[in-house]
Amino acid sequence: LVERYLPLAQAQIADPLGARAVAELGCTLMTCDRVAQAAGLFELAQQAAIEQQDWTLCQECHEHRAWVHDHRGEIEQSAARYEAAQGLALRLGIDRQPARIGRAILARRYKELGRYREALSLLDLTLQEQQDTQEVALTGTTQADLAGVFLWLGQPARALSVMKPPPADAPPLVQRSHHLM
């Protein structure tokens with residue numbers, strides 16, 4: 001199915017909807033584990049977004065390209081892409097769930113790179129925003145990430161203090177994240 005629509009989307013890349021369609025096809029390819037092909041589409045979509053001055057799509061393509069680096073185990077490159085995405089989101093005033101998820105993933109990359117202060121700062125900010133917007137599923141995951149950083153730093157008491165019991169109607173993943181801690 002992707003092969004059927006890909007030439008059509010690529011032919012329309014100069015159109016804003018065509019550029020977005022190419023990026024979406026890249027996401028589809030990522031879920032099919034066709035990383036190299038997806039990476040090319042994300043780059044193509046991002047170039048078109050820059051030419052069209054569609055900065056929201058450009059920001060999304062940074063996140064998509066970070067996803068490619070994540071898949072390849074390229075943590076430093078992933079962090080750099082997520083940083084670019086977050087910087088653009090901040091400049092544009094983008095406050096939507098995917099941008100907040102990108103921030104939480106960037107915090108994980110910082111943890112993996114040993115940049116604990118930056119990880120803690122981002123996780124604190126993300127947790128506060130998620131609590132403000134009542135994103136229960138993401139709040140539990142962010143609490144677990146924050147607790148994980150404290151455990152890495154040898155601070156189990158702080159790790160436990162972060163983990164607040166999720167609401168009884170929270171999704172199963174959130175319930176399990178809390179019980180694992």
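Our subject is the structure listed above.
In short, a report on the structure. The shown structure was predicted, so the numbers you read here are calculated from the model rather than taken from an experiment.

Bringing the overall build of the protein chain into the picture now. Scanning the protein chain from N- to C-terminus turns up ten helices and zero strands. Shown N-terminal to C-terminal, the secondary structure of the protein chain runs as helices and strands in the order α-α-α-α-α-α-α-α-α-α. For the protein chain, the C-alpha atoms occupy an extent of roughly 55 × 30 × 30 Å along the three principal directions. The proportion of buried residues among the 181 residues of the protein chain is 45%. The long-range share in the protein chain, meaning contacts at least 24 apart out of those at least 6 apart in sequence, stands at 47%.

The biggest cluster of nonpolar side chains holds 24 residues, and the ones touching the most others in it are V22, L25, M30, L41, F42, L57 and V68. Elements supplying a minimum of two residues to this core: α1 (2-11), α2 (16-31), α3 (35-52) and α4 (55-72). Not counting chain neighbours up to four residues away, the residues in contact with M30 comprise V35, A38, F42, W67, V68 and H71. Core analysis: the next-biggest nonpolar cluster, separate from the first, contains 19 residues, A66, Y110, L146 and F150 among them.

With that out of the way, let us pick up the pattern of salt bridges. Inspection of every chain in the model, using the stated rule, returns seven salt bridges. We note a salt bridge from R108 to D145, for which the minimum N-O separation is 2.7 Å. One end of the pair, R108, is in helix α6 (residues 97-112); the other, D145, is in helix α8 (residues 136-152), with 37 residues separating them in the sequence. Assessed through its relative accessible area of 28%, R108 is described here as partly exposed. On the accessibility criterion, D145 (17% relative accessible area) is buried. Across the pair R115 and E118 runs a salt bridge, and its minimum N-O distance is 2.7 Å. On the basis of relative accessible area, R115 is assigned to the partly exposed category, the value being 29%.

The grouping of I50, W55 and L92 at the surface amounts to a nonpolar patch, some 250 Å² of accessible area in total. Within the secondary structure layout, W55 lies in helix α4.

The next thing to look at is α2. Structural remark: α-helix, 3.6 residues per turn; residues separated by three or four positions point the same way. In this model, α2 (16 residues) spans 23 Å end to end at C-alpha, consistent with the 22 Å of a helix rising 1.5 Å per residue. Along α2, the residues classified as buried are G18, A19, V22, A23, L25, G26, C27, L29 and M30. If you follow the buried residues of α2, they end up packed against α1, α3 and α4. Where α2 begins, the side chain of D15 points an oxygen toward the backbone nitrogen of L17, at a separation of 2.8 Å. Of the residues trailing α2, D33 is marked for its positive phi of about 65°.

Below, the discussion takes up the environment of V2. Turning to its location among the elements, V2 is positioned in helix α1. Residue classification places V2 among the buried residues on the basis of a relative accessible area of 12%. Sequence-wise, V2 and L29 are 27 residues apart; in three dimensions their C-alpha atoms are separated by 7.8 Å. Non-local contacts of V2, meaning those with residues more than four positions away in its chain, are made with L25, T28 and L29.

Glancing now at the side chain of Q143. When you line up the elements, Q143 lands in helix α8. What makes Q143 buried here is its relative accessible area of 6%.

Rules behind the numbers
- Residues numbered from 1 in each chain as written.
- Predicted model: local features only at pLDDT ≥ 70, side-chain atom pairs only at ≥ 80, totals over all residues.
- Heavy atoms only, no water.
- Helix = DSSP H or I, 4+ residues; strand = E, 2+ residues; numbered from the N terminus.
- Buried < 20%, exposed > 50% of the residue type's maximum accessible area, 1.4 Å probe, protein only.
- Contact = heavy atoms within 4.5 Å.
- Core = buried A, V, L, I, M, F, W, Y, C linked by side-chain atoms within 4.5 Å.
- Salt bridge = Lys/Arg side-chain N within 4 Å of Asp/Glu carboxyl O.
- Patch = residues over 30% accessible without salt bridge, like charges linked within 9 Å, V, L, I, M, F, W, Y side chains within 5 Å.
- Areas by Shrake-Rupley, 256 points an atom, 1.4 Å probe, with all protein chains shown as cover.
- Expected span 1.5 Å × (residues − 1).
- Polar contact = N/O pair within 3.5 Å; in protein donor to acceptor, adjacent residues only side chain to side chain.

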